[in-house]
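What follows is each chain in one-letter form.
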Amino acid sequence: MMDWINIDQTWLVAINNWHAPWADTLMWIISGKLTWLPLYALLVGLLFWRFGWKRALVMLAAFGVAVGLSDYISSGIIKPLVCRLRPTHEPCLDGLLHIVNNYRGGQYGFVSSHAANTMSCALLFSLIWKNWKATLPLMLWVAMNCYSRMYLGVHYPGDIIGGLLVGSCLAGVVYLIWTCVEKHCAWCQTGAAGDGAQD
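Structure report, in brief. Residue numbers here run from 1 along each chain, matching the order of that chain's written sequence. Totals for whole chains, interfaces and linings use every residue, but because this is a predicted model, local features are given only for residues with pLDDT of at least 70 and side-chain atom pairs only at 80 or more, for both listing and counting. To obtain the side-chain values, all non-hydrogen atoms of the structure were included, while hydrogens and water were left out.

Thoughts on helix 2 (residues 21-31)
Those residues of helix 2 that fall on the buried side of the exposure criterion are Ala23, Asp24, Met27, Ile30 and Ser31. The buried residues of helix 2 all sit within an arc of 135 degrees when viewed along its axis, so they share a single face. Along helix 2, exposed side chains directed more than 90 degrees from the buried face belong to Pro21 and Trp22. Exposed residues in this analysis have more than 50% of their type's maximum accessible area, buried residues have under 20%, and partly exposed residues fall in between, with area computed by a 1.4 Å probe over protein chains only. A run of DSSP states H or I qualifies as a helix once it reaches four residues; a run of E qualifies as a strand once it reaches two. Both are numbered from the N-terminal end. It is the directions from the helix axis to the C-beta atoms whose arc is reported.

Quick notes on a nonpolar patch on the surface
Together, Val44, Phe48, Trp53 and Leu57 line one region of the surface with nonpolar side chains, adding up to about 340 Å² of accessible area. Leu57 sits in the partly exposed class, given a relative accessible area of 39%. Patch rule: a residue counts if its relative accessible area is over 30% and it has no salt bridge; like charges are joined within 9 Å, and nonpolar side chains (Val, Leu, Ile, Met, Phe, Trp, Tyr) within 5 Å. Each accessible area value is a Shrake-Rupley result obtained with a 1.4 Å probe; residue values ignore everything except the protein chains displayed when judging cover. By definition, a salt bridge exists where a carboxyl oxygen of Asp or Glu is found within 4 Å of a side-chain nitrogen of Lys or Arg.

Things to note about the pattern of salt bridges
Applying the stated criterion across every chain, the model contains 2 salt bridges. Two residues, Arg84 and Asp8, come together in a salt bridge whose shortest N-O distance is 2.8 Å. Of this pair, Arg84 sits in the loop between helix 3 (37-82) and helix 4 (113-129) while Asp8 sits in helix 1 (residues 2-16), and the two are 76 residues apart along the sequence. Here Arg84 matches Asp8 in class, with each residue buried. We note a salt bridge from Asp159 to Arg84, for which the minimum N-O separation is 3.4 Å. Of this pair, Asp159 sits in helix 6 (residues 157-184) while Arg84 sits in the loop between helix 3 and helix 4; the two residues are 75 residues apart in sequence, bridging distant segments of the chain. Each member of the pair Asp159 and Arg84 is classed as buried. Taken together, the salt bridges that share partners define one network made up of Asp8, Arg84 and Asp159.

Comments concerning the state of the cysteines
Cysteine sulfur atoms are paired as a disulfide whenever they come within 2.5 Å of each other. For the structure shown, the criterion picks out 0 disulfides. The cysteine Cys92 is free of any disulfide, with Cys83 supplying the nearest cysteine sulfur at 17 Å. In this structure Cys169 is a free cysteine whose sulfur lies 15 Å from that of Cys146, the closest cysteine sulfur available.

Function cannot be inferred from these measures alone, as they are strictly geometric.
As structure tokens, then:
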């Protein structure tokens, strides 16, 4: 266990200590939740465009469940249960981290809710859309968010990996439930054909 903790801390310090003023600004923007509102709006628009409003509404409910659960499980259950201090709150790392805008985050960091939430959203959309051209930029978005959290020093690599696993599992489970619901939901099937553009 101690070896894993030391490796985690070593990698985090190495990532965090590569910094520059321009990168501070960029990573701060990438890590901001409001930054990605246009992306969320685009994804919603694409769902309505391709699948029609009835199916899109059901899909949006699925997204709400996946992201909501990933956020609750990561922040409301796992973090207070594991109680692993964030790097910015860890006494042995005091003075070793580059802190941007004096941002230190909450007390506990395992698992990363940023990683869990972005992965659940990106993976669920990819499973629904079924097009690698959409999957690649979404996974790049996830990777940038995850890297920004380590750059800012508020998450260890282990926190990120844990968050990605939580988000992936929830996206997979919600997708399976959604496919079952859609098969047996006459309302979301009625008028679906021709409601939106198809590949």
